[in-house]
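Fold and geometry: a report
Here are the chains, one letter per residue:
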Amino acid sequence: MTLREELKSKRLYFDGSCGTYLQDRGLAAGDIPELLNLSSPELIVDMHRAYLQSGADIILTNTFGANALKFKDEKITVEEVVAAAVKNAKRAVELEGHGYVSLDIGPLGKILAPLGDLAFEEAYDCFKEIVIAGRDAGCDLITIETMSDTYEIKAAMLACKEHADLPLFVTGAFQEDGRMLTGSSIDAFAELVTSLGADAMGMNCSFGPVETLPLMKELAEVATIPLIANPNAGLPVVRGGETFYDIDDDTYADYMMEFAEMGVQIIGGCCGTFPSYIEKTVERTKNTPVTPPRGHLRTAASSYTHIVDIGAKPCMIGERLNPTGKKYLQQALKDHHTSAVLAIALEEEEDGAHILDVNVGVPGLNEEGVLPDLIRELQGVTSLPLQIDTTNVGAMEKAARIYNGRPLLNSVSGKREVMDAIFPIAQKYGALCVALLLDDEGIPKTVEKRMEIVDAILKEGARYGLSEEHFLFDPLAMTISSQKDGATVVLETLRRLKARGLRSTLGVSNISFGLPNRDAINGHFYAMCLAEGLSAGIVNPSSPAMQKAYRSSMALLEQDPDFNDFIEAFAEEESEIKAGDGEHDLSYAIEKGLSKEAKDLTARLLEEREPIEIINDYLVPSLDKVGREFEAKTLFLPQLLRAADAAAAAFTIIRKRMDEMGTAAENKGRIIVATVKGDIHDIGKNIVKALLENYGFDIIDLGKDVRPDTVAENVLEHDVKLVGLSALMTTTVPFMEATIRLIHEQSPDTKIMVGGAVLTKEYADEIKADRYCKDAMASVRYAEELFNQ
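Residues numbered from 1 in each chain as written. Predicted model: local features only at pLDDT ≥ 70, side-chain atom pairs only at ≥ 80, totals over all residues. Heavy atoms only, no water.

1. Description of the overall build of the protein
Using the following cut-off: The helix and strand labels rest on DSSP assignments: H or I over at least four residues marks a helix, E over at least two residues marks a strand, and numbering proceeds from the N terminus. Only protein chains enter the area calculation, which uses a 1.4 Å probe; residues under 20% of their type maximum are buried, those over 50% are exposed, and those in between are partly exposed. For the accessible areas, the method is Shrake-Rupley and the probe is 1.4 Å, while residue cover comes only from the protein chains on display. Neither His nor the chain termini are counted; the positive set is Lys and Arg, and the negative set is Asp and Glu. Note that the charge is assigned to NZ on lysines, CZ on arginines, CG on aspartates and CD on glutamates.
Along its length, the protein carries 30 helices and 25 strands. The C-alpha extent of the protein, read off along each of the three principal axes, is 85 × 75 × 50 Å. For the protein, buried positions account for 59% of its 789 residues. Of the roughly 30900 Å² of accessible surface on the protein, a fraction of 49% belongs to carbon and sulfur atoms. Treating the 79 positive side-chain charges of the protein as one cloud and the 124 negative ones as another, the clouds have centres 3 Å apart.

Okay, here's the thing in structure tokens:
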């Protein structure tokens, strides 16, 4: 029986923590555990055997951090380490007579662009190298684990899917609020991972079973594939200078019984879990029946933060990012005036669009270059899902590849050559498709013929594994000025689509071409379409007529039962009228992350205002507002960092003016930041650095894998009063404690703030840190509190 066959009916067990086991066997803090595959293979084989003997079905290779970024200063190659790791795991399976060997792929430790400096393609290449090495060495499956960014997950999954035909498991590391570091909801994670073809998904690390259980319950409600739960053995504590976890093996097994009863099919452990944890978990749960996933397939598009379930409630797809007939937008795209395009997207979002249609079809424009770049830029400022709208197949594939989430492709049709071109893209990237009801004979005049095309598209789509949930059918509104029954044909087609449980979309404004007072016709037609079951209208959300049609229809159709949306939209209608010049001020540009616009507006303001006034009246209040929204979970890390970038862009102009005037910019204080010895993950440290700099602090960045004495020497040399230390891995936290101890000995007045995925407030207190900062904004708040004293 293959692993995929076992997944249909059997509960499977992962092993426990590699790092915890090896530390218990003498691995020194800061040492690279992956190198033990070559230097001490017998130790690694014994570890795998111990977990197999405890009842584990799947053992993870000792390759969590085996990647080119980590090994760039080593004489050893990724291929050598991975090959040795798989060999050791296979040897253990051979000796024990059972078990599957999973190639273990962990995060690369960097933020992907546009938020960080690691390009998506570079991340993909790193994962590709690992996958090929593991495949060639003979692993049975691949597990992508401890991921906190859906974009990195996508890069890793594509590398796996394109270079290894093996079962693929994916687990994410979530925060207590149910989101990943970069803002992804549990829903969005599930939609991305499932649509890209994972065989199982779940959660690992971050917390113990107590904190993980409610998050897994949320995931179980939407899951359509088997679930995985590999929590830590509780929360870390320090006793006698050593790290322990606060849940013993008996208690852990009791909690894991709750996961099994909830329907989690694959169970194991992460940090702090020894073989005894797995053994007792197997004993407690092995007789608990396996239940099928409770979720159902959805017609859902997603961004990196959330999904839009198009079947749950009619939604609006913003049409304004389409240059057809819009000379100003055509020119902006030709001139690469991205800020103007981003501003339109933000206006559509503010006006209530749920999805944004993105089209760059301008004659002479290189769509294959411009469309993917614009998708990246848009995802930096808006969290809305995007609809990739192009007839250029190459541009569509490139855009779908780099899109962070599950995109909507506009469009396919009943034409054979179009289906042959688009369906493979939809299949590969898990995308939804807008399906135009036309074929090689053109646009049918009758409802019956249009429904025949629906059947033809569904039949052909099934050959690519695309179910009816992958499609939104567009009946094609023909202008009533030339086709008198254009509206009635569309309305009847919508009615029949709804009767069959199929989803629909429509370019609503097409109905009124060539007629006066188009808004009146568009608005009334939109309301009629919604009443007949239109799932997603492609409309101008900034049009009052369309807004009124949508909000009123939702109230009348019981989609807004308490009229909250209707009242919010129209109670203060007059105050929502936009300024006539259509321009935004510097505060808006910073808050929305429009860097070029922020620079231009700052230069304009400097013609009439002093630099310090601009800092105090625009930069600081804007960053504070964004920070508060981030803390309130109404805004997420990508928007926070984009706002910081926009503020930095504004400040470069201000600093230049100050230099010309012979005045210095305010320096609130000097801070050292570093990732501790042995840890090459600098995501958290870089985020903290970016925000602190934009709040006016002078940052000395010592980088990653920094020795305690190096940090202490810099504290004394620069007379620094605050140090920020980061660690992601439990194996490197002892170096954080050693660094704190050394700084306190040599510079007693220096304060130390700490953060990282493995830390808690209690743990920070144990290692004598002065402040535990759960996120980047907490670091800013502490720095301001300290230096204001």
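2. A closer look at the sheet that holds strand β19 (residues 503–507)
Paired through backbone hydrogen bonds, the strands of a sheet run either parallel or antiparallel to each other. Condition: In this analysis, strands are considered paired if DSSP registers two or more bridges between them. Think of each axis as a best-fit line through the C-alpha atoms, taken over the contacting stretch in the case of a helix, with angles from 0 to 180 degrees between the N-to-C directions.
Read around the closed barrel, eight strands run β13-β14-β15-β16-β17-β18-β19-β20, paired in parallel fashion. This sheet shows a mean twist of 30° between the axes of neighbouring strands, independent of strand direction. Bridging between strand β13 (residues 315–318) and strand β20 (residues 536–539) involves four bridges; their strand directions are parallel. Each bridged residue has a counterpart across the sheet, and for glycine 318 the counterpart in β20 is valine 539.

3. Focus on helix α25 (residues 637–661)
Basically, it comes down to this: A helix is expected to reach a length of 1.5 Å times the quantity of its residues less one.
Taking 1.5 Å per residue as the helical rise, α25 with its 25 residues ought to reach 36 Å, and the 35 Å between its terminal C-alpha atoms agrees with that figure. The positive-phi residue at the C-terminal boundary of α25 is glycine 662, with phi of around 80°.

4. Some thoughts on the nonpolar core
What counts is decided by this rule: The nonpolar core is taken to be a set of buried Ala, Val, Leu, Ile, Met, Phe, Trp, Tyr and Cys residues, with the residues joined through side-chain atoms within 4.5 Å. By the convention used here, residues are in contact when the closest approach between their heavy atoms is within 4.5 Å.
One finds Phe127, Leu219, Phe471, Phe473, Leu586 and Leu692 to be the most contacted residues of the largest nonpolar core, which totals 195 residues. When residues in this core are grouped by element, the largest group, eleven residues, is from α25. Dropping the residues within four chain positions of it, phenylalanine 471 is found in contact with Thr299, Val412, Phe423, Cys433, Ala435, Ile457, Leu458, Gly461, Leu466 and Arg503. With 27 residues, the next largest nonpolar core counts Val715, Ile740, Leu742 and Ile767 among its residues.

5. Digging into the sheet that holds strand β23 (residues 722–726)
Strand order across the open sheet formed by five strands is β22-β21-β23-β24-β25, with parallel pairing between neighbours. A strand with exactly one partner marks an edge of an open sheet, and here the two such strands are β22 (698–701) and β25 (771–772).

6. Here we look at the pairing of strand β18 (residues 471–474)
As a reminder of what qualifies: With the strands aimed away from the viewer, a crossover counts as right-handed if its path from the first strand over the helix to the second runs clockwise.
Across the two faces of β18 the burial is the same, with Phe471 and Phe473 and Leu472 and Asp474 all buried. Of the pairings in the sheet, the one linking strand β17 (residues 432–436) to β18 comprises four bridges and is parallel in character. Along β18, the bridge assignment pairs cysteine 433 with phenylalanine 471. Crossover β17 to β18 through helix α17 (residues 447–462) is right-handed. Tracing the backbone out of β18, into helix α18 (residues 486–499) and back to the parallel element β19 gives a crossover that is right-handed.

7. Overview of the pairing of β20
Of the two faces of β20, the one lined by Ala536 and Ile538 and the one lined by Gly537 and Val539 are each fully buried. Remark: the β19/helix α19 (residues 518–531)/β20 crossover connection has right-handed handedness.

8. Looking at the pattern of salt bridges
In plain terms, the rule: Any Lys or Arg side-chain nitrogen found within 4 Å of a carboxyl oxygen on Asp or Glu counts as a salt bridge.
Enumeration according to the criterion identifies 53 salt bridges in this entry. Notably, a salt bridge pairs aspartate 765 with lysine 761, separated by 3.1 Å at the nearest N-O pair. Pair noted here: aspartate 765 and lysine 761 are both in helix α29 (residues 761–766), with a separation of four residues, about one helical turn. When its relative accessible area of 47% is taken as the criterion, lysine 761 is described as partly exposed. Residues joined by salt bridges that share partners form a network here, namely Asp249, Asp250, Asp254, Lys280 and Arg284.

9. Observations concerning helix α4 (residues 41–53)
With 13 residues, α4 should cover 18 Å at 1.5 Å per step; its first-to-last C-alpha distance of 18 Å lies within 8% of that length. For α4, the complete set of buried residues consists of Ile44, Val45, Met47, His48, Ala50, Tyr51 and Leu52. Each element contacted by the buried residues of α4 is listed here: α2 (18–24), α3 (36–39), β2 (58–60), α5 (78–96) and α11 (275–285). Directly beyond the C-terminal end of α4, a positive phi value near 115° is found at glycine 55.

10. Things to note about the packing of α4 against α5
Worth spelling out the cut-off: Here the angle decides the label: under 35 degrees means roughly parallel, over 145 means roughly antiparallel, 65 to 115 means roughly perpendicular, and every other value means oblique. Crossing handedness: left-handed means the near helix sits turned counterclockwise from the far one by under a right angle, and right-handed means the same turn made clockwise.
The interhelical angle for the contact between α4 and α5, taken along N-to-C directions, is 50°, at an axis separation of 8 Å. Overall, the two elements α4 and α5 adopt an arrangement that is oblique. In this structure, the crossing between α4 and α5 has a hand that is right-handed. Across from Pro41, Ile44, Val45, His48, Arg49, Leu52 and Gln53 in α4, the residues of α5 making contact are Asn88, Ala89, Arg91, Ala92, Val93, Leu95 and Glu96.

11. A look at the domain arrangement of the protein
To be explicit about the condition: The source of the domain bounds is an automatic or database domain assignment. The quantity reported as buried area is the accessible area (1.4 Å probe) lost by two parts once they are put together, taken as the sum for both.
Assigned domains within the protein: domain 1 (3–286), domain 2 (300–575), domain 3 (586–661) and domain 4 (670–788). Measuring from the centre of the C-alpha atoms in domain 2 to the corresponding centre in domain 3 gives 34 Å. Counting residues at the interface gives twelve residues for domain 2, matched by ten residues for domain 3. Summed over both partners, the interface of domain 2 with domain 3 comes to about 940 Å²; 55% of that surface belongs to carbon and sulfur atoms. Inspection of the domain 2/domain 3 interface yields two salt bridges. The partner of lysine 592 in a salt bridge is glutamate 350, and the shortest N-O contact between them spans 3.8 Å.

12. Some details on the confidence of the model for the protein
Selection criterion: Across the chain, each position has a pLDDT score giving the predictor's confidence in that residue, from 0 to 100.
Confidence along the protein averages 92 in pLDDT terms, with 97% of residues attaining 70 or more. Here residues 574–582 is a poorly scored stretch, pLDDT under 50, and it has five contacts once near neighbours within four places are set aside; other chains count.

13. Details of the side chain of aspartate 775
The cut-off we apply is this: In protein, a polar contact means a hydrogen-donor-capable atom and an acceptor-capable atom, both N or O and within 3.5 Å, with residues adjacent in sequence counting only if both atoms are side-chain atoms; elsewhere, any N or O pair within 3.5 Å suffices.
By the element assignment, aspartate 775 lies in the loop between β25 and α30 (776–788). For the buried residue aspartate 775, which engages in no salt bridge, the nearest side chain bearing the opposite charge is lysine 633, 4.7 Å off. From its side chain, aspartate 775 meets the backbone nitrogen of alanine 778 in a polar contact 2.9 Å long.

14. Things to note about a negative patch on the surface
The condition is simple: Every patch collects residues that have over 30% relative accessible area and no salt bridge, joining them within 9 Å if they carry like charges and within 5 Å if they are nonpolar side chains (Val, Leu, Ile, Met, Phe, Trp, Tyr).
A contiguous patch of negative charge on the surface is contributed by Glu79, Glu80, Asp117, Glu122, Asp125 and Glu129. Contributing elements (two or more residues each) for the negative patch: α5 and α6 (120–137). The leading source of residues in the negative patch is α6, at three residues. Under the relative-accessibility criterion, glutamate 79 is labelled exposed at 55%.

15. A word on the environment of valine 508
Secondary-structure assignment places valine 508 in the loop between β19 and α19. For the pair valine 508 and aspartate 585, spaced 77 residues apart in the sequence, the C-alpha separation amounts to 33 Å. When sequence neighbours within four positions are dropped, the list of residues in contact with valine 508 reads Asn522, Phe525, Tyr526, Leu534, Gly537, Ile538, Val539 and Met546.

16. A word on unusual backbone geometry
In this model, alanine 113 is joined to proline 114 through a cis peptide bond whose omega is 10°. With respect to the element layout, proline 114 can be found in the loop between β3 (100–105) and α6. With an omega of 15°, the peptide bond running from asparagine 410 to serine 411 counts as cis. Within the secondary structure, serine 411 sits in strand β16 (residues 408–413). In this structure, leucine 476 takes a positive phi of about 70° despite not being glycine. The residue leucine 476 is located in the loop between β18 and α18 in this model. Leucine 476 sits in the buried class, given a relative accessible area of 13%.

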